[in-house]
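Observations on chain architecture
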Amino acid sequence: MPTDPGSLSATVRSAPVRAQLDAFLDEHRRHLAACLDGLSEEEACRRLVPSRTTLLGLVKHATFVEQVWFDEAITCRSRAEIGIPATPDESFVLDDGDTVASVGRAYESVCSASRARVAGIELDDLVHGNRRGPMPLRWVYLHVLRELAQHGGHADILREQVLAGR
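Structure report, in brief. Starting afresh in each chain, residues are numbered from 1 along the sequence in its written order. The predicted nature of this model means local features are confined to residues of pLDDT at least 70 and side-chain atom pairs, given and counted, to a pLDDT of 80 or more, with totals for whole chains, interfaces and linings taken over all residues. Values reported for side chains reflect all heavy atoms of the structure, with hydrogen atoms and water molecules removed beforehand.

As for the packing of aromatic side chains
To keep it simple, the criterion reads: Here the aromatic set is Phe, Tyr and Trp, taking the six-membered ring for Trp, and pairing holds for ring centres within 6.5 Å; pairs whose planes are under 30 degrees apart are stacked, those over 60 apart are edge-to-face, and all others are tilted. Secondary structure elements are defined from DSSP: runs of H or I of at least 4 residues count as helices, runs of E of at least 2 residues count as strands, and each element is numbered from the N terminus. Summary of the burial criterion: residues with accessible area below 20% of their type's maximum are buried, those above 50% are exposed, and those between are partly exposed, where the area comes from a 1.4 Å probe applied to protein chains only.
Per the stated rule, a full pass over the model turns up two aromatic pairs. Here the aromatic rings of W69 and W139 are separated by 5.5 Å at their centres, their planes lie at 45°, and the arrangement is tilted. A residue pair is termed long-range when its members are at least 10 positions apart, and W69 in helix α4 (residues 55-75) and W139 in helix α7 (residues 137-164) qualify at 70 residues. W69 sits in the buried class, given a relative accessible area of 5%. With a relative accessible area of 34%, W139 lands in the partly exposed category. Measuring from ring centre to ring centre gives 5.8 Å for F70 and Y141, while their planes differ by 85°; the resulting arrangement is edge-to-face. You can see F70 sitting in helix α4 and its partner Y141 sitting in helix α7, a full 71 residues away along the chain.

Quick look at the pattern of salt bridges
Filter applied, for reference: Salt bridge, as applied in this entry: a Lys or Arg side-chain nitrogen positioned within 4 Å of an Asp or Glu carboxyl oxygen.
This model, assessed by the stated rule, comprises 13 salt bridges. The shortest N-O distance in the salt bridge between R18 and D22 comes to 3.6 Å. With R18 and D22 both in helix α2 (residues 17-34), this residue pair falls four residues apart, about one helical turn. On the basis of relative accessible area, D22 is assigned to the partly exposed category, the value being 29%. E27 is the salt-bridge partner of R30, the closest N and O atoms lying 2.7 Å from each other.

What to know about unusual backbone geometry
Negative phi values dominate among residues other than glycine, just as trans dominates among peptide bonds. Phi is positive for C76, which is not a glycine, with a value near 70°. Assignment of secondary structure puts C76 in the loop between α4 and α5 (79-82).

Quick look at the structure:
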């Protein structure tokens with residue numbers, strides 16, 4: 001899996017805050033997506049904990065997180081309009097058509113859409129589509145970073161268990 005975000009180049013370390021946040025987000029996105037690299041479908045779907053958490057489910061959930069925070073919160077579209085589950089727990093549920101390739105493509109596509117959606121918004125600009133009420137884009141970035149870091153850690157542990165079981 002990729003190196004941790006602390007390894008980002010000196011160029012990023014001296015960049016403006018927005019560029020730093022974008023770099024950290026992209027590093028965490030790549031890290032989470034890479035948890036599926038080289039795994040079979042069975043390995044990616046293997047349940048090693050009592051919850052619905054699997055490696056494939058984590059990437060599917062991260063897709064949901066991107067859509068909640070960079071679509072719903074920014075566009076004010078409902079989850080039903082976006083076509084995503086109503087709750088975070090439901091976002092871990094794997095469908096028969098979910099594969100390493102399909103979930104990976106969906107995640108990559110949603111991350112690209114997220115980048116495009118925030119391109120013209122400043123960190124201190126308010127977004128109005130979150131159930132908590134208006135909040136600055138900065139808060140959205142920080143929340144998504146927290147989510148991706150947490151789930152990246154989950155993925156590291158699950159992947160280690162899967163690979164150890166080979």
